Amino acid sequence: MEVEKLEYFRSVLNDEMKALLGEAGKTVTEMNSDASNFPDPTDRATQESDRNFELRIRDRERKLINKIKDALDRIDTGEFGVCEECGDPISEARLKVRPVTTLCINCKMEEEQKEKRQ
Ligand SMILES: [Zn+2]
């Protein structure tokens, strides 16, 4: 892939990372600020489930952040935009929609088929 395009994807990934880290930081602050002082057990329970929800989101964010880091690594090593399954180039249209992807559309579809059968 051309350097210009790689740099384009690098900036897209960096922006997404910054947005996610901003969100993640906010969640932690909110969790710390209202973590206690709920004497009513009902409120307490609601608060707990809210927090589980937050943690699930954080888990998803963390996974996405790792994927973005991997994608940035692949830009550095020159593997970005190459399908890790079959070695074919991943289409730019696909990378624009999902820059963290590591599979070309054919391999992705095969993977989804396999998942459905399981
Ligand atoms: Zn492939």
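Residues numbered from 1 in each chain as written. Predicted model: local features only at pLDDT ≥ 70, side-chain atom pairs only at ≥ 80, totals over all residues. Heavy atoms only, no water.

Draft legend 1. Here's a closer look at the packing of aromatic side chains. By the definition in use, this model includes 2 aromatic pairs. Ring geometry for phenylalanine 9 and phenylalanine 80: centres 5.3 Å apart, planes at 45°, overall tilted. You can see phenylalanine 9 sitting in helix H1 (residues 3-33) and its partner phenylalanine 80 sitting in the loop between helix H2 (41-77) and helix H3 (92-97), a full 71 residues away along the chain. Connected via pairs of aromatic rings, a cluster forms that spans Tyr8, Phe9 and Phe80. (Phe/Tyr/Trp six-rings, centres within 6.5 Å; stacked < 30°, edge-to-face > 60°. Helix = DSSP H or I, 4+ residues; strand = E, 2+ residues; numbered from the N terminus.)

Draft legend 2. Spotlight on the nonpolar core. Counting residues in hydrophobic clusters, the biggest one holds 18 residues, and the most contacted among them are Leu13, Ile68, Leu72, Ile75, Phe80 and Cys83. Among the secondary structure elements, those contributing two or more residues to this core are H1 and H2. (Core = buried A, V, L, I, M, F, W, Y, C linked by side-chain atoms within 4.5 Å. Buried < 20%, exposed > 50% of the residue type's maximum accessible area, 1.4 Å probe, protein only.)

Draft legend 3. Structural context of the coordination of the zinc ion. The zinc ion binds to the protein through Cys83 (SG), Cys86 (SG), Cys104 (SG) and Cys107 (SG), with metal-donor distances spanning 2.2 to 2.4 Å. Between the 4 donor atoms coordinating the zinc ion, the angles at the centre fall across 106 to 115°, so the site counts as tetrahedral. Cysteine 83 gets classed as buried once you look at its relative accessible area, which sits at 2%. (Donors = N, O, S within 2.8 Å, 3.2 Å for Na, K, Ca; no water. Tetrahedral: all angles 85-135°; square planar, octahedral: opposite > 155°, others 65-115°.)

Draft legend 4. Seen up close, the environment of leucine 64. Take leucine 64: it is sitting in helix H2. Separated by 44 residues in sequence, leucine 64 and leucine 20 have C-alpha atoms that sit 8.5 Å apart. Once residues within four sequence positions are removed from consideration, leucine 64 is found in contact with Glu16 and Leu20. (Contact = heavy atoms within 4.5 Å.)

Draft legend 5. Here's a closer look at the pattern of salt bridges. In total, this model carries 8 salt bridges according to the counting rule given. For the salt bridge of glutamate 48 with arginine 51, the shortest nitrogen-to-oxygen distance reads 3.8 Å. With glutamate 48 and arginine 51 both in helix H2 and 3 residues apart, the pair spans about one turn of that helix. According to the relative accessible area criterion, glutamate 48 is partly exposed, its value standing at 34%. Across the pair arginine 62 and aspartate 59 runs a salt bridge, and its minimum N-O distance is 2.6 Å. Residue arginine 62 and its partner aspartate 59 are located together in helix H2, separated by 3 residues, close to a single helical turn. For aspartate 59, a relative accessible area of 27% puts it in the partly exposed group. One salt-bridge network, in which partners are shared between bridges, spans Glu2, Lys5 and Glu92. (Salt bridge = Lys/Arg side-chain N within 4 Å of Asp/Glu carboxyl O.)

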